[in-house]
Amino acid sequence: MANTTCDCPAPSCNTATREEPEAVIKVFTIDFKESDITELMGPRFEEYKNGQVKIDVSVVSGFDTLFSEIENDARLGLGLFDVFITPPTVMGSVAPYNGFTDLTTYIQENYLEEWLDIFPGYREIIASYNGKILMTPFDGDLLHLFYNKEILDYYNFDSPRTWQEYNDIAEQVHGKIFPPTNKTLMGSCIGRLPQCAGPYWAMQVLSSMTQTKGSSEGSLFDTKDMSPLTNDALVETLKIFEKQFKYGHPTELEGCLKINMPAMKDEECVLTLNWGNAFLSNLIPGKLGIDKAPGSQKVLDRETGKLVTCTKELCPNAVYYDDIGFVNYAPYAAFGGWSGAVNGNISDEKKKLAMEFLTFSASKEQSSKLVIPQVGSREADAGYDPYRLSHMNEEDYVKQGFDRETTDAYLGTIKEGLLSPNLVVDIRFPEATKMMSILDTAVINHLNETKGVTATDQMRRDIVKDATADMKKVISEYDSRAHMEKSEKILPQYQKLRGVYGELNEDKNLIGDVRWIGYALGFVIIAMALLFSGWVAINRKHRVVRISQPIFLHLICLGVLVLSSAIFPLGIDDTDSNEQGRNAACASIPWLVSLGFSLVFSALFSKLWRINRVFAAAASLKRVVVTEKDVLKPFAVLMTLNFVILLSWTLVDPMVFERVYTDELTSYGRCVPQGNQWKGFVATLAILNFTALVLVNVQAYHARSINDELSESKYIGLVTLSMFQIFIVGVPLLVIVYNDPSAYFFVWCGIIFIICTTILLLIFVPKIVRWKSKSTNQSATASKFSTNTKWSHGNNASHASAHSQQECDTPTMNRAASSASEVKSKYVKQVTFADKESELVYREKLDEIIDLVMEEHKIDIASIILKIKRADEAVPVTGEDDAQPESTVVESA
């Protein structure tokens, strides 16, 4: 009902002589909070507004009625009230209908400094829905453990750390007469009257086993799928309550909070749970002990539903004790504190005025008057607990008459609890009241059934089974009518209340299992590169390998290996890596791609350039020595330029991992630069490496007439053509699938795989085939040499003799044989060799040509010998360890 009480005596209450307020703020709340608004909050705001605003209060009795009225106003869009003063429990039922105004912008623009002073758990979770600020806290609620310090000290007990220790203390002191007071002690005093605070006691114990990693995972229901977190955890909770009940107050089931604190005040109770207003009531000064609520050494395994021992991995926020190990604590902001909300169905002008009222009342200055009251004052009776960091000053309480030691314990427990990453908050989704009632009923029924008897595990499990089934039924029934009521199902609302809706339901378009296909392709390329490089190392003295210049073959393998390594950072996203790792992976991709490409094609360029220089000199019959050191200079220049550009890019505008949202629940990850300078670096690298590719093809063109043993011009052309085809198809595909990370990754892997395998196969396979062929020919030649006496004209004579036995001896054949032998004898004498192996290869080639001449008769022997001479001068002759000894050739033919 509305508050219409006149503030002045009846005879002098003449409203005609008073200035009427310009605006009225209609506040709706529960009956027992009316006096707080009409006596404390309202008058202060009216004074602040110089009487131009009137606070009008309407109240109802009972939380069910309060919540129902607020929800109906939201559903029907009535706008009957401007401000609601209520527990946050109702938020989940109202927010889907936009029943509460979004305060985010107003707070950011007018109240940000004050807002950031509020404990994170309240402003980020309790006051928010799906990232929007919908309520302003007026009160901070947290359950504490209260105990009589004098009694615990007398019996040599410390404050209990676990529920097991709580029950052990209760058992050992219960029924004893405490000598200093001569009173009979009760071990535990917790009121369990139905429809009172019972669900909160159950949640406090249960949460210490079910929630280990923060409110985002849920304590009574799993935020992933709405599964009730009961199972063995609720079974153990019932077991704990059995002992508390056994060693508790005799009328626990008949009383509510009047059981908890009065017995403590009378110094008959040893242990209890309660909110902080017990401290503000200044019970047993100097004797009241305050600590965080006990924790659990066992936690729920959500996969199996079983309790397991708490470890650092399972309980990252646990506290370790040398004697008992890890204990999981779950500070519980039960009830959530009183909060204010602005009706979403009123005019913008009214909304602004209502916001001003809420932020004024919750400001540091005004809230301190309620939270830090004078001992025994009206404000102290209101029982508002701290919810701001600025409320944590111990001296402020001491000045108001509170005991310093007790104040220190009180504030320390609040600060530790409200700053805990594992803070527990109420479920708050639609039907939350029913869920809490089911939990409360399960506990009360079990305690009634087991009163005076020993409970069995099966009895507990039957209670848990029924409670779980009832919870699932409530969810199912609500979800079945959600569409008709134009609301969402419970799960998404629950997730929005916990701030994890987007996180759990977002389609992040992760790479997924496709990465393993890409990684497999990468390992195949690396294995091929290592195998080919190993083959070169093993056969480095073989003629086929030596004339192919092994150092450059190794560099080609190294370049392919580096280029293929880019597959691995391309496959990294935020599935199992942190931000630093993702950024490092993104920054490495340009390095691997650019350096790998440059290594391959600068090595090919240097190799072909060396061959072309030697053959150009041989064409003019001039002696020239081109060492590997000479041709490595352009290689070093190209690699240095790449390194400098890449380093500058990394320092100036590095690539970082970014998640791009296409809508509220859809996003994809990508590597992007932080600024715009990347365009210049990419263009420079592209020009540089394209130039290298062009130069390689120019050198390959010049070497097109050289034997394939010495140059790879034909194969380089095929590589270039293959790359051109890949780019024509691959680049458009990359553009098309840019927003699909798995497809984008797969296309990149395909491009890299084809380029790398094409280079390796076209460069190395022909050499391996030739190597195998030469090995066979050399074996045959060695066999032939062993049947002849020595290297001489007799060798040719034997050939000629054998040949003449098969065919008729003719003058032409004899002349050819004689000419060949003469030329060979004369030419060999004019050549000196680096080693015996070179001479053997040289003579073998001459013999092959002589055999050809003997068979064909008409070949110009002088021309052939000249070509061989030039080819031999062009062959890079290396020593035993790939050294570069000089070869001497006469300048005259």
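Residues numbered from 1 in each chain as written. Predicted model: local features only at pLDDT ≥ 70, side-chain atom pairs only at ≥ 80, totals over all residues. Heavy atoms only, no water.

J.: Explain the packing of helix 9 (residues 198-210) against helix 18 (residues 432-449) residue by residue, including any values.
T.: At their nearest, the axes of helix 9 and helix 18 sit 8 Å apart, and the two run at 85° to each other. By the angle class used here, helix 9 and helix 18 are roughly perpendicular. Here Gly 198, Pro 199, Tyr 200, Ala 202 and Met 203 of helix 9 come into contact with helix 18, specifically with Met 436, Leu 439, Asp 440 and Val 443. Across the contact of helix 9 with helix 18, the residue classes break down as seven nonpolar, one polar and one charged. (Axes fitted to C-alpha atoms, helices over the stretch in contact; angles between N-to-C directions. Helix = DSSP H or I, 4+ residues; strand = E, 2+ residues; numbered from the N terminus. Parallel < 35°, antiparallel > 145°, perpendicular 65-115°, else oblique. Contact = heavy atoms within 4.5 Å. Nonpolar A, V, L, I, M, F, W, Y, C, P; charged D, E, K, R; others polar.)

J.: Summarise a nonpolar patch on the surface; cite the residues concerned and give the values.
T.: There is a patch of nonpolar side chains on the surface, built from Leu 721, Phe 724, Ile 728, Val 729, Leu 733 and Ile 736 and spanning about 600 Å² of accessible area. Here Leu 733 lies in helix 29 (residues 713-736). A residue is classified by how much of its surface remains accessible, and Leu 733, at 34% relative accessible area, is partly exposed. (Patch = residues over 30% accessible without salt bridge, like charges linked within 9 Å, V, L, I, M, F, W, Y side chains within 5 Å. Areas by Shrake-Rupley, 256 points an atom, 1.4 Å probe, with all protein chains shown as cover. Salt bridge = Lys/Arg side-chain N within 4 Å of Asp/Glu carboxyl O. Buried < 20%, exposed > 50% of the residue type's maximum accessible area, 1.4 Å probe, protein only.)

J.: Residues and numbers for the confidence of the model for the chain, please.
T.: On average, residues of the chain score 82 in pLDDT, and 80% of them reach the 70 mark or higher. This stretch, residues 784-824, has a pLDDT under 50; its non-local contacts, to residues over four places away or in other chains, come to 43 contacts. (pLDDT = per-residue confidence, 0-100.)

J.: Account for the sheet that holds strand 3 (residues 83-86), naming residues and giving values.
T.: Hydrogen bonding along the main chain pairs the strands of a sheet, whether they run parallel or antiparallel. Reading across the sheet, the five strands line up as 2-1-3-17-6 and stay open at both edges, with mixed pairing between neighbours. The open sheet terminates on both sides in strands that have one partner only, identified here as strand 2 (53-60) and strand 6 (136-137). Note: strand 6 against strand 17 (residues 339-342), two bridges, orientation antiparallel. Looking across to strand 17, one finds that Thr 136 is bridged to Gly 340. Packing of helix 1 (residues 34-48) onto the sheet brings it into contact with strand 1 (23-30), strand 2 and strand 3, and relative to strand 2 it is tilted by some 165°. (Pairing = 2+ DSSP bridges.)

J.: Explain the state of the cysteines to me, and be specific about the residues and the numbers.
T.: Here, the word disulfide means a covalent bond between the sulfur atoms of two cysteines. One pass over the structure, following the stated rule, counts four disulfides. Between the sulfur atoms of Cys 196 and its disulfide partner Cys 256 the distance amounts to 1.3 Å. On the sign convention where negative is left-handed, the bridge of Cys 196 and Cys 256, at about -50° about the S-S bond, is left-handed. In this pair, Cys 196 sits in the loop between strand 10 (186-188) and helix 9 while Cys 256 sits in the loop between helix 10 (231-246) and helix 11 (257-265), placing the two residues 60 residues apart along the sequence. On the accessibility criterion, Cys 196 (26% relative accessible area) is partly exposed. Judged by its relative accessible area of 18%, Cys 256 is buried. Here Cys 586 connects covalently by a disulfide to Cys 671, the sulfurs 2.0 Å from one another. Handedness of the Cys 586-Cys 671 disulfide follows from its S-S torsion of about -70°: it is left-handed. Placement of the pair is Cys 586 in helix 26 (residues 579-619) and Cys 671 in strand 19 (residues 666-673), with a sequence separation of 85 residues. We classify Cys 586 as buried; its relative accessible area is 2%. (Disulfide = S-S within 2.5 Å.)

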